[in-house]
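Chain by chain, the residues run as shown.
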Amino acid sequence: MSNNAVHSPFNIHPADLAKYKGKYDVGWDVLRQQRYQKQLASKLIPANTQLPPPNPGVKAWNTLSAEDKKLFARYQEAYAAFVDNLDQNFGKLYQYLESTGQLNNTIIIVASDNGGSGEGGANGTTNVARHYSGLPDDKALDISRFELIGSPQTAPHYPIGWATVSNTPLKLYKFFTLGGGRRNPLIVSYPAKIKDLGATRTQFTHITDITPILLELTGIKHPDRFNGKPTKPLEGISFAYLLNNANTPSQRTEQYYENSGNRGYYKNGWYAVTDHQTGKPFSDSEWQLYNLNKDYSESNNLANQYPEKVKELAAAFDAAAFKYQVYPLLESPQHGGVPPYIKEKVKPKTFHVGDLVLEPDILPLVSDRDYTIQVKAQYKAGDRGVILAHGGQEVGYIFYIENGKLFYEHNNYGQSIKFPAVPLQPGQLNIDLNYDALGKRQGSGTLFVNGQQVAAGKLRLTFGGFPYEGLDIGKDARSPVSWDLYKKYGVFKYTGAIEQVKYVPGSPAPDAKE
């Protein structure tokens, strides 16, 4: 199963949220220390494991205002409720397998793709689209939406203080190749074959080892060819040898890591890693070095003490990076520019009612650049509904007709901007919106109906790495751009005819990263 939980946004049931009210009021500093002590007591981590200082930018809980503590605790309550709901539903599947006699012969593997995420920033957010798009906090807006946190009308993400707790006792977060970004628990259940129930294994394994173990346990041979073409060899190795033998040495001795320009290479207990600073040149001076056999939490950088080991592992990373198509190194798109495969999509496109338009098809045409939207439709008296909707509750825009008038609404990351309503006459309806990206993520729009300018104004923030909803023509069928409209009409299908919608991308904003 691929679960939405617990990736942001944390949208949860009120009953689950209520269970955790007040549970996190003690703050992240106390809870991080408690988790660390519990890990030591349970022998989940080595007895000599150090707890590093909090990650950069994490504010001491006792320095926060009462208002901030209340807001930040609610974010973590929503996260916990999300985990709780995942547990509930996994429990239903588990109970079904048990009640039908299938559990004994079922392989269950619980894994995650990264550590706790720092994308919520220092203050968290009720609209994670702001952070994904590289925009600053709007804490006043977040405080005003406190009671909506976790509801369908928000897209919450916790602050980095809680991400630091999630990754105890490791450093940093998702997107980094230090421990907090790459090390995850792995749980394997297979009652028919595993006799050492409830035991812990500490030998090095990697996510690429999961396919090989599943093939081995099920007796399936990796095919040499598929559809007449040769397949790539498996890059991992099965760790079935560990299931009933706690003391056998790890057969996995090396592995490269790379994420958003951060590099790492593991070899026989040594780990070289970079904490790359976005926008700066990639350099060998970035390498840090840790002996994981003695330093579980990567607290003691030995790069200056063992420069030859750093060179060895850096060279091994280079070799692996060329072999496995890691190069060229790319920073995250919102910081490091637009990848070539996205630039290729920037050309005029025409869409029609019924088209499935996903975000990769539409976002490059409007992201931090000038663009024109051209709609050709028919309108007769009494027609109403959504002409087009791009995005959703986090960010987006929508054209719709109601009571004989055309409306344009721009959802500015949770704050609505509306152009004046435009009375319509029956007949051909041509709608054009010219958007000018002015730089610093600001913009303005000019609306034309049948060739006549009818409205203009600032539309403030341009789109960045969001939305994820795609484009709907003739309805707003996914997350609603306008909750007020959705509450009245639902998806609000247009009752008239829409001939086509054309997007014409223009020049990037003056300060856009190309």
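Residues numbered from 1 in each chain as written. Predicted model: local features only at pLDDT ≥ 70, side-chain atom pairs only at ≥ 80, totals over all residues. Heavy atoms only, no water.

Caption draft 1: Inspection of unusual backbone geometry at higher detail. Residues Ser8 and Pro9 are joined by a peptide bond in cis, for which omega reads 5°. Tracing the backbone through its elements, the reader meets Pro9 in the segment before helix H1 (14-18). The step from Thr168 to Pro169 runs through a cis peptide bond, and the omega angle for that step is 5°. Summarising the element assignment, Pro169 is placed in the loop between helix H6 (160-166) and helix H7 (179-182). For Phe175, which is not a glycine, the phi torsion comes out positive at approximately 85°. For Phe175, the position within the fold is in the loop between H6 and H7. The phi dihedral of Asn268 falls on the positive side, at around 50°, and the residue is not glycine. Locating Asn268 in the fold gives a position in the loop between strand S6 (262-267) and strand S7 (270-274). (Helix = DSSP H or I, 4+ residues; strand = E, 2+ residues; numbered from the N terminus.)

Caption draft 2: Structural context of a nonpolar patch on the surface. A surface patch of nonpolar side chains, about 340 Å² in accessible area, is lined by Met1, Leu93 and Tyr96. Inspection of the secondary structure puts Leu93 in helix H3 (residues 66-99). (Patch = residues over 30% accessible without salt bridge, like charges linked within 9 Å, V, L, I, M, F, W, Y side chains within 5 Å. Areas by Shrake-Rupley, 256 points an atom, 1.4 Å probe, with all protein chains shown as cover. Salt bridge = Lys/Arg side-chain N within 4 Å of Asp/Glu carboxyl O.)

Caption draft 3: Main features of the pattern of salt bridges. Tallied over the full model, the rule gives 16 salt bridges. Among the salt bridges present, the one from Lys309 reaches Glu312, with a minimum N-O distance of 3.3 Å. Placement of both Lys309 and Glu312 in helix H9 (residues 307-323) is noted, with a separation of three residues, approximately one turn of the helix. With a relative accessible area of 24%, Lys309 lands in the partly exposed category. Relative accessible area serves as the criterion here: at 32%, Glu312 is assigned to the partly exposed category. The partner of Lys380 in a salt bridge is Asp383, and the shortest N-O contact between them spans 3.2 Å. Since its relative accessible area comes to 5%, Asp383 is described here as buried. Three or more residues are tied together by salt bridges with common partners; here these are Asp16, Lys19 and Asp84. (Buried < 20%, exposed > 50% of the residue type's maximum accessible area, 1.4 Å probe, protein only.)

Caption draft 4: Representation of the pairing of strand S10 (residues 369-379) within the structure. Pairing analysis gives nine bridges linking S10 to strand S20 (residues 497-508), with the strands arranged antiparallel. Bridge pairing in S20 links Ala377 to Ile498. Relative to strand S16 (residues 427-439), S10 is paired through nine bridges, and the arrangement is antiparallel. Residue pairing across strands places Ile373 opposite Leu433, the latter belonging to S16. (Pairing = 2+ DSSP bridges.)

Caption draft 5: Structural context of the packing of aromatic side chains. Tallying each qualifying case throughout the model produces 27 aromatic pairs. Between the aromatic rings of Trp287 and Phe317, the centroid separation amounts to 6.0 Å while the plane-to-plane angle is 65°, which identifies the pairing as edge-to-face. On the criterion of sequence distance, the pair formed by Trp287 in strand S8 (residues 287-291) and Phe317 in helix H9 is long-range, its members being 30 residues apart. The exposure classification of Trp287 matches that of Phe317, with both residues buried. Ring centres of Trp483 and Tyr486 lie 5.5 Å apart, and the angle between their planes is 80°; on these two criteria the pair is classed as edge-to-face. Of this pair, Trp483 and Tyr486 both sit in helix H13 (residues 483-489), three residues apart, which is roughly one turn of the helix. A residue is classified by how much of its surface remains accessible, and Tyr486, at 35% relative accessible area, is partly exposed. One aromatic cluster is present, built from ring pairs that chain together Tyr256, Trp287, Phe317, Phe322, Tyr324 and Tyr327. When the ring centre of Tyr257 is taken as reference, the NZ or CZ atom of Arg182 above it lies at 5.5 Å. Across from the ring centre of Tyr296, 4.2 Å away, lies the NZ or CZ of Arg183, which sits over that ring. (Phe/Tyr/Trp six-rings, centres within 6.5 Å; stacked < 30°, edge-to-face > 60°. Lys NZ or Arg CZ within 6 Å of the ring centre and 35° of its normal.)

Caption draft 6: The pairing of strand S17 (residues 442-449), seen in detail. Counting buried positions along S17 gives six out of eight residues, so the element sits mostly inside the fold. Taken together, the eight bridges between S16 and S17 define a ladder with antiparallel strand orientation. Considered in S17, the bridge of Asp436 is made with Ser444. From the end of S16 to the start of S17, which pair antiparallel, there are two residues, and Lys440 there has a positive phi angle of about 55°. As paired strands, S17 and strand S18 (residues 452-461) are joined by eight bridges and run antiparallel to one another. Within the sheet, the bridge partner assigned to Val449 lies in S18 and is Gln452. In this antiparallel pair of consecutive strands, S17 and S18, the connection spans two residues, and Asn450 shows a positive phi of 50°.

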